[in-house]
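The chain contents come next:
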2 protein chains.
Amino acid sequence: MLARLQALGLPVPDGFALSFETVNNLAQGGSLPPLPELHAGKPLIVRNSPGQRSWGGSPGGKFLGVNPFEPDALIDLMGEAPALEVCLRLVSGYSKEVFGFDPVGPDAGADPATLRDDVAAALAEFETSIGQSFPPDLHSQIEGLARAKATMWYSVSTRVLREAKGAPADAGLGLIVQEMPLGQGETVTGEVQFVDSGDGRPGVFGVARPLMDRKTGREPDQSGNDLENVSAEALEQLRHAADVIGRDTGDAMRVSFVLNGDDVSIVDAVPVRRNARADVRISVDLARAGRISREHAILRIDPLSLGEHLHQQIAPDFQRDLFGTGFAASPGAATGRIVFRAEDAQSAAARDEATILVRSETGPEDIRGMHSAQGVLTIHGGNSSHAAVIARGIGLPCVVGASGLRISFEDRTLTAPGGRVLREGDWITIDGTSGEVLVGSANMIPPEIGGPLHDLLNWADEVRALEVRANADTPADARTAREFRADGIGLCRTEHMFFEDDRIGVMRRMILAEDDNRRQDLLDRLLPMQREDFVQMLEIMRGLPVTIRLLDPPLHEFMPTGPDDVAEFAAAVNMPVERLKARLRELSEVNPMLGMRGVRLGVVMPSIYEMQARAIFEALIEVNRTPGKRAVPEIMLPLVTANREAELIRARIDAVAQAVQRESGMSFEYGVGIMVETPRAALRAGDLAETSTFLSFGTNDLTQMTYGLSRDDAGRFMREYVSLGVFREDPFRTLDIEGVGELLLTAARRGRERNPAIVLGLCGEHGGDPSSIRFCQVAGFDYVSCSPYRVPVARLAAAQAALLSRDAGRSHESPDA
Amino acid sequence: MLARLQALGLPVPDGFALSFETVNNLAQGGSLPPLPELHAGKPLIVRNSPGQRSWGGSPGGKFLGVNPFEPDALIDLMGEAPALEVCLRLVSGYSKEVFGFDPVGPDAGADPATLRDDVAAALAEFETSIGQSFPPDLHSQIEGLARAKATMWYSVSTRVLREAKGAPADAGLGLIVQEMPLGQGETVTGEVQFVDSGDGRPGVFGVARPLMDRKTGREPDQSGNDLENVSAEALEQLRHAADVIGRDTGDAMRVSFVLNGDDVSIVDAVPVRRNARADVRISVDLARAGRISREHAILRIDPLSLGEHLHQQIAPDFQRDLFGTGFAASPGAATGRIVFRAEDAQSAAARDEATILVRSETGPEDIRGMHSAQGVLTIHGGNSSHAAVIARGIGLPCVVGASGLRISFEDRTLTAPGGRVLREGDWITIDGTSGEVLVGSANMIPPEIGGPLHDLLNWADEVRALEVRANADTPADARTAREFRADGIGLCRTEHMFFEDDRIGVMRRMILAEDDNRRQDLLDRLLPMQREDFVQMLEIMRGLPVTIRLLDPPLHEFMPTGPDDVAEFAAAVNMPVERLKARLRELSEVNPMLGMRGVRLGVVMPSIYEMQARAIFEALIEVNRTPGKRAVPEIMLPLVTANREAELIRARIDAVAQAVQRESGMSFEYGVGIMVETPRAALRAGDLAETSTFLSFGTNDLTQMTYGLSRDDAGRFMREYVSLGVFREDPFRTLDIEGVGELLLTAARRGRERNPAIVLGLCGEHGGDPSSIRFCQVAGFDYVSCSPYRVPVARLAAAQAALLSRDAGRSHESPDA
């Protein structure tokens, strides 16, 4: 960086660098090679190379290159008091860094005589404490200091800390040694930047302190904002320098400087630290100003950081009082009173009261309560548990698997590991971005979706090849998806529609029906309700594909569970409780995930799927009767393992379509495709593709089955597994390329071979994960589908994937070439 | 066959055949082509070609080729009464076959005059009923008869029946037309064979009736045994003929003949019908006599039919009173009194009373009761449910998934679909070979393992390439495995060892232990018990590999479930019931199959696996201290998905081994390998193989995960799926070659590539399935492992697979070439 700044014609003091190897060699006990010659007699400063500062090297620069026993040359250069002050700083800084003690007393003076005494006293104190005299020459000072820095850098604790911050395991330490541009007159050191770290807007932010201001002058810190020691003229020079450097680096830079009177020296420059919102504005402004290309702007934003735009966050000034932690399952923060039952969240919502729903784990019966709460906290479950999936789907902040906490439903309390207790009604705040559970009610920063982010995503849409669809189960979801500019709905789970108040009873009766006529009667009652759902969804999404998955969960998920609910339902259907219980036992399954669900229901009880197909087609007719773009439904069959399952169901769907066209006198088009979510379906994708419109990879279930690992049950050991390095990442969060990924690639290849027109998509949770999206780009998929609130993330990630693929010499059109 | 019999120099009347095409053409309304000329005037007989008789063509021969309006030539040939009898038979047979009515009255006479009247009456009756006169010539008789036979053959009901018996969908019908060797003097027709259909031992069995004996003469049937009409000389000629034909066909033959005085004509020969036991004896005797090769003997026995040797069967004379049906889950029949609780089976066994344990489904807590019962019947579950797997393992007859039956535990009754009720204590018989549940107590035929079967299996061992190991969990299993000449133990499930009375309590306390010291104390108490198990197993199997799988099931499977058991255990461990219940809830899982089990336990709670490793190594030391072949333990890690899991556990096992060697001063060898039972493990088999001694494919779980289908829950729709043709076979019974098979082949190839010395085996239920064994041969595996009682089946199937592979030009050594 120094050489680069000099090349830009900026006033940069001379210096040299010590390489990783040199420093590492010192840490191993080696000695320092001969050093380049600088202007003899000027004090120098040593500091870590720019990249490593945030990774735990000791911060800031230390003086060296002066002989404190013979300060006369320095006194000639800069005057007696400043020169002696530099000597004192040198002795103090070296001693603290190398030996961990400070021989300069707190009462060090300010007048030359006292300062002289202080220097002598410090040197004597050093010799007494260390048993040798202070090193007088640059070479031994630099060797001692660099070795101390290196030893600390390679210590276990520093390494662990560094790696936790994302440094690679083999990160090395480089050092920079640079002249200090000191002379007669007051010297001021400082840092300045011309954009706001908090929001990216233009402004002047920085700190500057006279060298002699011992209290704060040693290390300008970034938190304050005080440039009163910098003249307007110097500030103009600094703005110019920042501008020149910014043009060169293509980024907004924070500049470190030394002022000697009005003499400006630039000693260093690093990219401005910034939060996610500032990051987007800075990048978009740079691109608008022509400093960087739009593609560059797209590539430099971490898609996951967009969560901070899309969800409200805890205000930075809130005093975080940590009660517990869990998995950060759905981003954004929420605050509300604790409730332990879904119905309490609903009644609180009716009174306009904010709640956080706290459950051991959630199930379908909690969904309406989740909609009513501000956030959800569960004790069990992982990133793909029911609570997490639903919460992400509806943009609700959620923390799951807070396994240290204990609920007592009897006492209505929540207890932290140390025994601290919160009661129902107490205020609590959850941070779904960090996984923290905090005591009390926090102020929030609202989301911000327009402005620069809007521009950035438009640019992203221009370059991306992958469609981004949304997983949307309700008209509200669909509206959110449209708002976030999704390219369609990639997964509409129809089962959620049956949990609404007026429907669940009919659904349950239908499930218990003991003869086909009775079942058909009940299905006929569900038909108009289901049709109305589809009318709304198709209407909202006109002109865009809407992929509707037929009923998937095992039927027992619709049945009452608690004793009260069972008794109530038994009374409602006029059935002895014991008989109902027996029926429920018959329906129950040992492993519901691997049971009678998905297309298996369709094969064994075809009337349910026929009703759903009819509801879709009748809705389609109704929407298409009114002017506007046509509705584009795609019917998706879940949990297929054998081609024959799809054949049987497809024949029934086609028959229903013909009947509806005959009855209505209107014709329409629709697609039928397959959700590839078992390993067998992936392997047999060639067969399955032949007569399908699309294959959509359900990577949630596919991951579960490939690993033999239920997302509901993985929570209790996933954290340990990731921390032990058994799994590189939670495979429910980031696609497992080596295992699940191979199945996807195999399926895509076989599908395309047998049916080149097949549309390939991915509709698991991974659809919103940037590295998984990159995989989909490389695999030649046509779309990804994710939670509506993830759509912006996916749009940006898809653009990045397209740019990276293009750079890698690949194109979306020929993934197999 | 006729031409072949003639070529053997046997006295065979002339004839000709009508091909499939000719007959099919007739069924389509076509007409008969010109026929070859035979000796004019002799009556002919038409019958189905040999192969098709058991597939539902109308049985037996019909006379034709005589003009009943002009019988004089025939009267000259064979005398008046016989000739007129032939005419009557012709008219009767033709009418019945073609028009479904019989114009010959039951009072048809025996003297010539009456017979003449009878013929005239029959012809007149024919004309009245049909509206046309009886066809007088061979050509129109054969056309009518053949068309009728063809129409019936191609009718839907016959086809369905035929296919149910195993005929291919496109099976055609051929007909044979043959001269009847009739002349002056009494004609006798019959069939004879020289081995017993029931047990295969030599003897003379057959029936023969004079042609004129109208009651029984029309169709010799196989059930009787009456040869009094055959002279000793004729019998000698027949024995000679059977011998000649048998040498030619390489099989024991049943010969159809016509005797004219002492003139013997052979009209047909078919292989002797036989049951499974006879089949083995006949084949072995033929091979011993040099009529067929040993390899031929091996190839012609259906391995699955050996079940009839290995298990007791219901005596054929038992009147089967069907109460219900389920899946035939473990072969053999059993009879006993109904009990509904495992402990009742145990106490009945203590009183030497036979019981059938009837359960909704079984769990680990029922295992001891299963050992005490004569058989097991469950309402739920499929072929790979807990009950089925355990029952096959211990050779216990078992019917599962008898979903039509209802248990009332309260009333202690079992109710059939029609409402028929059996009570606890009533006698019941289950047939685990057919899946039938029968009322009452049946007599049994004992198993027969020695004799010819012993020889056959020895011959099989000489040719097979695959090792056959046994899945054996207990010393008793291991003894059975040795008895059946298994090549080792391929799967010893250690979890069953913890269910014994004195252990389960300690195990449960260990699971609930809240600190590591307490857990270690309890593991230290389990150690000697586990070691003793292994000492016995290794001792029994000295010199042969014993593959011990470390703890696999989720821990909640060891915990009490019913309220009484929970309360009892809570009292025993001095824990409030509510607190225990809370702990049990924490342990419970939504999908136990996909939860915290297998190597995941080992990673998260390593002390359990360390205890098991120590028990194995200390047992090994103890066995090897005494003289004899060395014990060969192989430690297997279940449910691996990532190589790092195996690395972590292997390091701990090696550390335990070193410790035990140091403590004992003795060195030993052991293998550590991986149970490949998740799709991901199959895909990553290259990595896994690198540092493993073996990979053993656990195809039960691998099938579950590849299909996303739990064996416990598949029962409720598997039958429907197979009958709809969705699955060609139950994939838990016969390996799914297209899906699971591809994963096995991929894994085998990748494993061998990275580690050519790796041993590959299969230890799922499929290890005892012949077609799956054939797959293992082709895939180049080293062994299969199956239930001890399946070992003979697998030995024979492995020999067949080796012979078939050799014939297909492949060899076991180069599966990938």
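Residues numbered from 1 in each chain as written. Chains lettered and ligands numbered in written order. Predicted model: local features only at pLDDT ≥ 70, side-chain atom pairs only at ≥ 80, totals over all residues. Heavy atoms only, no water.

1. Some remarks on the overall build of chain A
Part 1: Of regular secondary structure, chain A possesses 31 helices and 29 strands.
Part 2: Overall size of chain A, expressed as C-alpha extent along the three principal axes, is 110 × 60 × 50 Å.
Part 3: Burial statistics for chain A: of 817 residues in total, 58% are counted as buried.
Part 4: Taking contacts inside chain A between residues at least 6 apart in sequence as the whole, the part at least 24 apart equals 69%.
Part 5: Summed over all atoms, the accessible surface of chain A reaches about 31900 Å², with 49% contributed by carbon and sulfur.
Part 6: Positive and negative side-chain charges in chain A, numbering 85 and 115 respectively, have mean positions lying 6 Å apart. (Helix = DSSP H or I, 4+ residues; strand = E, 2+ residues; numbered from the N terminus. Buried < 20%, exposed > 50% of the residue type's maximum accessible area, 1.4 Å probe, protein only. Contact = heavy atoms within 4.5 Å. Areas by Shrake-Rupley, 256 points an atom, 1.4 Å probe, with all protein chains shown as cover. Lys, Arg positive; Asp, Glu negative; His and termini not counted. Charge placed at Lys NZ, Arg CZ, Asp CG, Glu CD.)

2. Side note on the side chain of Arg650(B)
Residues and elements named next belong to chain B.
Part 1: In this fold, arginine 650 is placed in helix H24 (residues 643-664).
Part 2: Look at arginine 650: it is buried, it has no salt bridge, and the nearest opposite charge is aspartate 654 at 6.0 Å.
Part 3: Within polar-contact distance, the side chain of arginine 650 engages the side chain of serine 692 at 3.2 Å.
Part 4: Other than its neighbours up to four places away in sequence, arginine 650 contacts Val672, Ile674, Thr691 and Ser692. (Salt bridge = Lys/Arg side-chain N within 4 Å of Asp/Glu carboxyl O. Polar contact = N/O pair within 3.5 Å; in protein donor to acceptor, adjacent residues only side chain to side chain.)

3. Some remarks on the interface of chain A and chain B
Part 1: Contacts between chain A and chain B engage 51 residues on the former and 50 residues on the latter.
Part 2: Inspection of the region where chain A meets chain B yields 9 salt bridges.
Part 3: Two residues, Arg406(B) and Glu586(A), come together in a salt bridge whose shortest N-O distance is 3.9 Å.
Part 4: Inspection of the region where chain A meets chain B yields 26 residue pairs in polar contact (both at pLDDT 80 or more).
Part 5: When contributions to the side of chain A that touches chain B are tallied by element, the ones reaching two or more residues are helix H21 (577-587), helix H22 (599-604), helix H24 (643-664), helix H25 (679-683), helix H27 (699-707), helix H28 (711-723) and helix H29 (740-754) of chain A.
Part 6: When residues of the side of chain A that touches chain B are assigned to their parent elements, the largest contribution, 6 residues, is made by H28(A).
Part 7: Residue composition of the side of chain A that touches chain B, by class: 23 nonpolar, 11 polar and 17 charged. (Nonpolar A, V, L, I, M, F, W, Y, C, P; charged D, E, K, R; others polar.)

4. Overview of the side chain of Arg597(B)
Residue and element names in this part refer to chain B.
Part 1: Looking at the element boundaries, arginine 597 is found in the loop between helix H21 (577-587) and helix H22 (599-604).
Part 2: Exposure remark for arginine 597: the relative accessible area of 4% places this residue in the buried category.
Part 3: Polar side-chain contacts of arginine 597 include one of 3.0 Å to the side chain of aspartate 552.
Part 4: Sequence-distant contacts of arginine 597, defined by excluding residues within four places in its chain, comprise Asp552, Pro553, Pro554, Pro592, Leu639, Glu677, Asp701 and Met705.

5. Brief notes about the nonpolar core
Part 1: Phe617(A), Leu637(A), Phe781(A), Phe617(B) and Phe781(B) are the most contacted members of the largest nonpolar core, which has 279 residues in total.
Part 2: Not counting residues up to four positions away in its chain, the partners in contact with Leu637(A) are Leu550(A), Val599(A), Ala646(A), Ile649(A), Ile653(A), Val672(A), Gly673(A), Ile674(A) and Met675(A). (Core = buried A, V, L, I, M, F, W, Y, C linked by side-chain atoms within 4.5 Å.)

6. Considering the pairing of strand S2 (residues 44-48) of chain A
Residue and element names in this part refer to chain A.
Part 1: For S2, the buried fraction is high: 5 of the 5 residues fall into the buried class.
Part 2: Both S2 and strand S3 (residues 62-64) contribute to a ladder of 3 bridges, which runs antiparallel. Bridging from a neighbouring strand, leucine 44 pairs with leucine 64 of S3. (Pairing = 2+ DSSP bridges.)

7. Looking at the sheet that holds strand S5 (residues 187-195) of chain B
Residue and element names in this part refer to chain B.
Part 1: Overall, antiparallel pairing links the 4 strands, which are arranged S6-S5-S7-S8 in an open sheet. Both edges of this open sheet fall to strand S6 (202-210) and strand S8 (263-271), since each of them pairs with a single strand only. If you compare each strand with its neighbour and ignore which way they point, the axes differ by 20° on average.
Part 2: Strands S5, S6, strand S7 (253-260) and S8 of the sheet are contacted by helix H9 (residues 232-249), whose axis makes an angle of about 145° with S7. (Axes fitted to C-alpha atoms, helices over the stretch in contact; angles between N-to-C directions.)

8. Points about the pattern of salt bridges
Part 1: Tallying each qualifying case throughout the model produces 119 salt bridges over all chains.
Part 2: Between Arg254(A) and Glu191(A) there is a salt bridge, with its nearest N and O atoms 2.6 Å apart. One end of the pair, Arg254(A), is in strand S7 (residues 253-260); the other, Glu191(A), is in strand S5 (residues 187-195), with 63 residues separating them in the sequence. Judged on exposure class, the residue Arg254(A) and its partner Glu191(A) are both buried.
Part 3: Two residues, Arg341(B) and Asp344(B), come together in a salt bridge whose shortest N-O distance is 3.3 Å.
Part 4: Judged by its relative accessible area of 33%, Arg341(B) is partly exposed.

9. Section: the packing of helix H2 (residues 20-27) of chain B against helix H6 (residues 138-153) of chain B
Residues and elements named next belong to chain B.
Part 1: At their nearest, the axes of H2 and H6 sit 8 Å apart, and the two run at 85° to each other. Relative to H6, the element H2 lies roughly perpendicular. The segment H2 lies against H6, with Val23, Leu26 and Ala27 engaging Glu143, Ala146, Arg147, Ala150 and Thr151.
Part 2: Among the residues forming the contact of H2 with H6, the class breakdown is 5 nonpolar, 1 polar and 2 charged. (Parallel < 35°, antiparallel > 145°, perpendicular 65-115°, else oblique.)

10. A word on the state of the cysteines
What we call a disulfide is simply a covalent bond connecting the sulfur atoms of a pair of cysteines.
All names here are of chain B.
Part 1: Taken as a whole and judged by the stated rule, the model has 0 disulfides over all chains.
Part 2: For cysteine 763, which is in no disulfide, the shortest distance to another cysteine sulfur is to cysteine 776 and amounts to 11 Å.
Part 3: Residue classification places cysteine 763 among the buried residues on the basis of a relative accessible area of 2%. (Disulfide = S-S within 2.5 Å.)

11. Describing the packing of aromatic side chains
Residue and element names in this part refer to chain A.
Part 1: Across all of its chains, the model carries 32 aromatic pairs over all chains by this definition.
Part 2: Measuring from centroid to centroid gives 5.2 Å for tyrosine 94 and phenylalanine 134, while their planes differ by 70°, and the two rings are edge-to-face. With tyrosine 94 in helix H4 (residues 80-99) and phenylalanine 134 in the loop between helix H5 (112-130) and helix H6 (138-153), this pair connects stretches of sequence that are 40 residues apart. The same class applies to tyrosine 94 as to phenylalanine 134, namely buried.
Part 3: Taking the centre distance of 5.1 Å and the plane angle of 65° together, the rings of phenylalanine 717 and tyrosine 721 count as edge-to-face. (Phe/Tyr/Trp six-rings, centres within 6.5 Å; stacked < 30°, edge-to-face > 60°.)

12. Some details on H21(A)
Part 1: Considered for burial, the residues of H21(A) that qualify are Leu580(A), Arg583(A), Leu584(A) and Leu587(A). The buried residues of H21(A) occupy an angular sector of 100° when projected down its axis, which confines them to one face. Along H21(A), the residues that are exposed and aim more than 90 degrees away from the buried face are Glu578(A) and Arg585(A).
Part 2: If you follow the buried residues of H21(A), they end up packed against helix H18 (501-512) and helix H20 (563-572) of chain A together with helix H28 (711-723) of chain B. (Arc of directions from axis to C-beta.)

13. A short note on the confidence of the model for chain A
Residues and elements named next belong to chain A.
Part 1: Of the residues in chain A, 95% reach a pLDDT of 70 or more, and the chain-wide mean stands at 89.
Part 2: Across residues 215-222 the pLDDT falls below 50, and counting only partners more than four positions away or on other chains, this stretch makes 19 contacts in the model.
Part 3: Counting interchain partners and residues more than four positions distant, the pLDDT-below-50 stretch residues 810-817 has 12 contacts.
Part 4: The ipTM value of the predicted complex is 0.79, and its pTM value is 0.81. (pLDDT = per-residue confidence, 0-100.)

14. Focus on the pairing of strand S23 (residues 489-493) of chain B
Residues and elements named next belong to chain B.
Part 1: Across the 5 residues of S23, 5 count as buried, placing the element largely inside the fold.
Part 2: Both strand S22 (residues 467-471) and S23 contribute to a ladder of 2 bridges, which runs parallel. By the bridge assignment, asparagine 471 is partnered in S23 with leucine 491.
Part 3: Handedness of the crossover joining S22 and S23 through helix H17 (residues 475-483): right-handed.
Part 4: Pairing of S23 with strand S24 (residues 545-549), which is carried by 3 bridges, proceeds in the parallel orientation. Each bridged residue has a counterpart across the sheet, and for cysteine 492 the counterpart in S24 is isoleucine 548. (Right-handed = clockwise from strand over helix to strand, strands pointing away.)

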